[in-house]
Amino acid sequence: MTLRQRDYQPAQRGPLDGVRVLDLSRLFAGNLLTQVLGDFGAEIIKVEAPAGDTLREWQTRGVATHWKVYARNKKSLCLDLRAVRAKELLLRLIPTAAILVESYRPGTLEKMQLGPDVLLGANPRLVIIRISGWGQDGPYAQRPGFGTVVEGMSGFAASNGFADREPVLPPMYLADGAAGLYGASAALIALREVEHNGGHGQVIDLPLLDPLFAILGPQAANYRLTGQPKERTGSRSTNSAPRNVYRTRDGRYISLSASVQSMAERLFRAIGRADLIEDPRYRTNAARVQHAQELDAIVGEFVAQRTQDENVAFFEQADLTVGPIYDIAQILKDRHVVQRELVADYPDPDMQRFPMHAVVPRLQGTPGGIRRSAPRLGEHNRELLAEIGVHEHEYAMLLDEGAVREGAEAVPAS
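Procedures and definitions
Residues numbered from 1 in each chain as written. Predicted model: local features only at pLDDT ≥ 70, side-chain atom pairs only at ≥ 80, totals over all residues. Heavy atoms only, no water. Pairing = 2+ DSSP bridges. Helix = DSSP H or I, 4+ residues; strand = E, 2+ residues; numbered from the N terminus. Axes fitted to C-alpha atoms, helices over the stretch in contact; angles between N-to-C directions. Contact = heavy atoms within 4.5 Å. Phe/Tyr/Trp six-rings, centres within 6.5 Å; stacked < 30°, edge-to-face > 60°. Buried < 20%, exposed > 50% of the residue type's maximum accessible area, 1.4 Å probe, protein only. Lys NZ or Arg CZ within 6 Å of the ring centre and 35° of its normal. Patch = residues over 30% accessible without salt bridge, like charges linked within 9 Å, V, L, I, M, F, W, Y side chains within 5 Å. Areas by Shrake-Rupley, 256 points an atom, 1.4 Å probe, with all protein chains shown as cover. Salt bridge = Lys/Arg side-chain N within 4 Å of Asp/Glu carboxyl O. Core = buried A, V, L, I, M, F, W, Y, C linked by side-chain atoms within 4.5 Å. Parallel < 35°, antiparallel > 145°, perpendicular 65-115°, else oblique. Left-handed = near helix turned anticlockwise from the far one by under 90°. Nonpolar A, V, L, I, M, F, W, Y, C, P; charged D, E, K, R; others polar. Right-handed = clockwise from strand over helix to strand, strands pointing away.

J.: Can you walk me through the sheet that holds strand β7 (residues 243–247) in this structure?
T.: By definition, the strands of a sheet pair up through backbone hydrogen bonds, in either a parallel or an antiparallel sense. If you walk across this open sheet you meet the three strands as β7-β8-β9, and the pairing is antiparallel. Only two strands of the sheet have a single partner each, and these edge strands are β7 and β9 (321–324). With strand direction ignored, the average angle separating the axes of adjacent strands in the sheet is 20°.

J.: Even after reading the chapter, I still don't get the sheet that holds strand β5 (residues 127–132), so can you show me in this structure?
T.: The parallel open sheet is built from six strands, whose spatial order is β3-β2-β1-β4-β5-β6. Strands with a single pairing partner mark the edges of an open sheet, and in this sheet they are β3 (74–78) and β6 (202–207). Each strand axis lies, on average, 20° off the axis of its neighbour in the sheet, ignoring direction. Two strands pair when backbone bridges link them, and strand β2 (residues 43–48) and β3 are joined in this way by five bridges, in the parallel orientation. In the sheet register, V47 faces β3, and the bridge partner there is L77. Across the sheet, helix α1 (residues 27–39) touches β1 (20–23), β2, β3, β4 (99–102), β5 and β6, and the angle it forms with β1 is around 165°. The sheet contacts of helix α8 (residues 174–196) involve β4, β5 and β6, and relative to β6 the element is tilted by about 170°.

J.: I'm lost on the packing of aromatic side chains in this one. Help?
T.: Here a ring pair, both rings aromatic, is described through the centre-centre distance and the interplanar angle of the planes. Throughout the structure, instances matching the rule amount to eight aromatic pairs. Ring geometry for F302 versus F314: centroids 5.1 Å apart, planes at 45°, classification tilted. Note that F302 is positioned in helix α13 (residues 292–303) and F314 in helix α14 (residues 308–317), a separation of twelve residues in sequence. Looking at F302, the relative accessible area reads 12%, which means it is buried. Owing to a relative accessible area of 28%, F314 belongs among the partly exposed residues under this scheme. Between F314 and F315 the ring centres are 5.2 Å apart and the planes differ by 85°, which places this aromatic pair in the edge-to-face class. Taken together through their ring pairs, the aromatic side chains of F28, W58, Y70 and Y173 make up a single cluster. If you follow R165 out to its NZ or CZ, it ends over the ring of F162, 4.6 Å from the centre. Over the aromatic face of F302 sits the side chain of R306, whose NZ or CZ is 3.9 Å from the ring centroid.

J.: In this structure, what is going on with a nonpolar patch on the surface? I would like to understand it.
T.: There is a patch of nonpolar side chains on the surface, built from V245, Y253 and I325 and spanning about 210 Å² of accessible area. Looking at the element boundaries, V245 is found in strand β7.

J.: Can you help me understand the nonpolar core in this one?
T.: Nonpolar side chains in soluble globular proteins tend to end up buried together. Membership of the largest hydrophobic core comes to 48 residues, with the highest contact counts inside it found for V19, V21, L33, L37, I99, I129 and I131. With eight residues, α8 is the single largest residue contributor to this core. When sequence neighbours within four positions are dropped, the list of residues in contact with L37 reads L16, V21, A42, I44, I99, A184, A187 and L188. By size, the runner-up hydrophobic cluster in this structure holds 29 residues, among which are L24, L81, L119 and Y395.

J.: I would appreciate a short explanation of the packing of α1 against α8 in the present structure.
T.: Two measures define how a pair of helices packs: the angle their axes make with one another and the distance between the axes. Running from N to C, α1 and α8 point in directions that differ by 45°, and their axes come no closer than 8 Å. The angle between α1 and α8 places the two elements in the oblique class. Judged by the sense of rotation from one axis to the other, the crossing of α1 with α8 is right-handed. Of the residues in α8, those in contact with F28, A29, L32, L33, V36 and L37 of α1 are D176, G177, A179, G180, L181, G183, A184, A187 and L188. Its residues placed into classes, the contact of α1 with α8 shows eleven nonpolar, three polar and one charged.

J.: When you look at the pairing of β2 in this model, what are you seeing that I'm missing?
T.: Each regular strand shows side chains that alternate between the opposite faces of the sheet. The buried fraction of β2 is high, at five of six residues. Inspection of the sheet shows β1 paired to β2 by four bridges, in the parallel sense. Following the sheet pairing, D23 is matched in β2 by K46. The handedness of the β1 to β2 crossover, carried by α1, is right-handed. Following the backbone out of β2, through helix α2 (residues 65–70) and into the adjacent parallel β3, one traces a crossover that is right-handed.

J.: So what exactly am I meant to see when it comes to unusual backbone geometry here?
T.: Trans is the prevailing form of peptide bonds, just as negative phi is the prevailing case for residues other than glycine. Omega for the peptide link from A241 to P242 comes to 0°, which places this bond in the cis form. Here P242 shows up in the loop between α10 (219–226) and β7. With an omega of 0°, the peptide bond between V360 and P361 qualifies as cis. By the secondary structure assignment, P361 is in the loop between β11 (352–357) and α17 (381–387). One non-glycine residue with positive phi stands out, namely N73, at about 60°. A positive phi angle is found at Q352, which is not glycine, with a value near 65°. The residue Q352 is located in strand β11 in this model.

Rendered as structure tokens:
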């Protein structure tokens, strides 16, 4: 199947229309946070340094694919905040904004004379989201905070992978992603306090560590009960069985989960092993977890006799929870993905057609939309600065001074 062709919808409005966000962050967490808000109508202004957001440098064959996806629905204002005039311009924009997002190392904004006291002084209703690795205080506040380190320290890597091999970090920006999604909800919670409860602006302390640790489940309680850290079990679950990835006859894989009693019994009947229902090793979920290796061998032997497609069809016919393990080539051909437009093609100057994921989640009454493509560096300088009274002559002077920059080419940081 072929991906559907879509175009940008600049006139579409969303439920966050009228909410202005100044995004001073770099890399992934902040960009995901503001992409979520932008997809639902907020005006996102990326305040970029002359070198541009670092996400622009994540390229595949010379194309900044991450930037194209996560900077959609945004404007770019390029300010060199080392310059006094640039900081003055930013402060003049602060009263027009509802939310500000930053990801400097704790204390950096204060050294720039742009700390929360200054920002809230300029706009008492401002919601300030401060992204960092470890938080704005605590013993590790000044440590570098990339997601890789957080994914190791959070307990994720220690529980991910197989027991006889090294801990495994995620192959993507998991800590940043969790923080970005938590941050989007936090922004709206704080904004509701301002808009509906007559509250004031506030600071949101958003480290990468806290959200990732929070979604990893009751690690601490389980450890206190057992005295043992969670083992690495590959794709098995320590909560229910059978649950694993199984190799098919054609060298592909399926994922299968029978995590409730009725599903496990249905599975045993489907594979011709109804005798397992009364076998004390598999009669209860607790027993199945204890004997997961033997149970996986039974299920795996059945799966290995069929192709991926045959297995999926067979288990779906039996009303069991099963799915193929897809790579991206298979995803893009899947009829469900194409029909629901999880991915659609948008016009693009580098690739002609750029496959981009849909707005998530799907609101039926006030849906989000993709209104504009990712901006060039400083593309909206004139538009945004004109709002605060900067006209052409002054703008030319600011360019000469280096307080503002523009153009598609990033300027290397000094």
